[in-house]
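Read off the chains here:
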Amino acid sequence: MGKLLFWLALVALAFLAMKLAAISQRKREAAQREGAAPGAQPTGARSGASARRAGELAGEMMVQCEHCGVFLPASDAFVDGGHSFCDRAHRDAHRARQPRR
Ligand SMILES: [Zn+2]
């Protein structure tokens, strides 16, 4: 009886693992589809929210430089006041453009 329960649990676990894998793969495919879509990069309108969303979809935490728009890993970014930058110079340039914060 114990053995039967063991096998049942094993099958249930395997089923669950397969289901989870399928879900995560579907998510990854959806992310790739959205990420691969030729993004109409609106000049001037830099949305931090969309950049953060794109980073989440990529799986890795990617952020977009508020100054030049390049994507980079969050660990390499200079973060200042909720904004991310690829470079200290870009952070300073962006900060200089802001009225005062
Ligand atoms: Zn930059």
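Residues numbered from 1 in each chain as written. Predicted model: local features only at pLDDT ≥ 70, side-chain atom pairs only at ≥ 80, totals over all residues.

**What about the overall build of the chain?**
Here's step 1: Of regular secondary structure, the chain possesses 3 helices and 4 strands.
Here's step 2: Reading the secondary structure of the chain in the N-to-C direction produces α-α-β-β-β-β-α.
Here's step 3: Counting only residues that meet the buried cut, the chain has 12% of its 101 residues in that class.
Here's step 4: Counted over contacts in the chain with a minimum sequence separation of 6, partners at least 24 positions apart contribute 17%. (Helix = DSSP H or I, 4+ residues; strand = E, 2+ residues; numbered from the N terminus. Buried ≥ 20, exposed ≤ 12 C-beta atoms within 10 Å, placed from the backbone. Contact = placed C-beta atoms within 7 Å.)

**Details of the nonpolar core**
Here's step 1: In this structure, Met62, Val63, Cys65, Ala77, Phe85 and Cys86 together form the largest nonpolar core, which totals 6 residues.
Here's step 2: Excluding its chain neighbours within four sequence positions, the residues that come into contact with Ala77 are Val63, Leu72, Ser84, Phe85 and Cys86. (Core = buried A, V, L, I, M, F, W, Y, C linked by C-beta atoms within 7 Å.)

**Notes on the environment of Met62**
Here's step 1: Examined against the element boundaries, Met62 turns out to sit in strand β1 (residues 62–64).
Here's step 2: Among the residues examined, Met62 registers 20 C-beta atoms within 10 Å and is labelled buried.

**Quick notes on the confidence of the model for the chain**
Here's step 1: Of all residues in the chain, 72% attain a pLDDT of 70 or more, and the chain-wide mean is 80.
Here's step 2: Looking across the chain, the model is least confident in helix α2 (residues 48–57), with a mean pLDDT of 56, and most confident in strand β4 (residues 83–85), with 93. (pLDDT = per-residue confidence, 0-100.)

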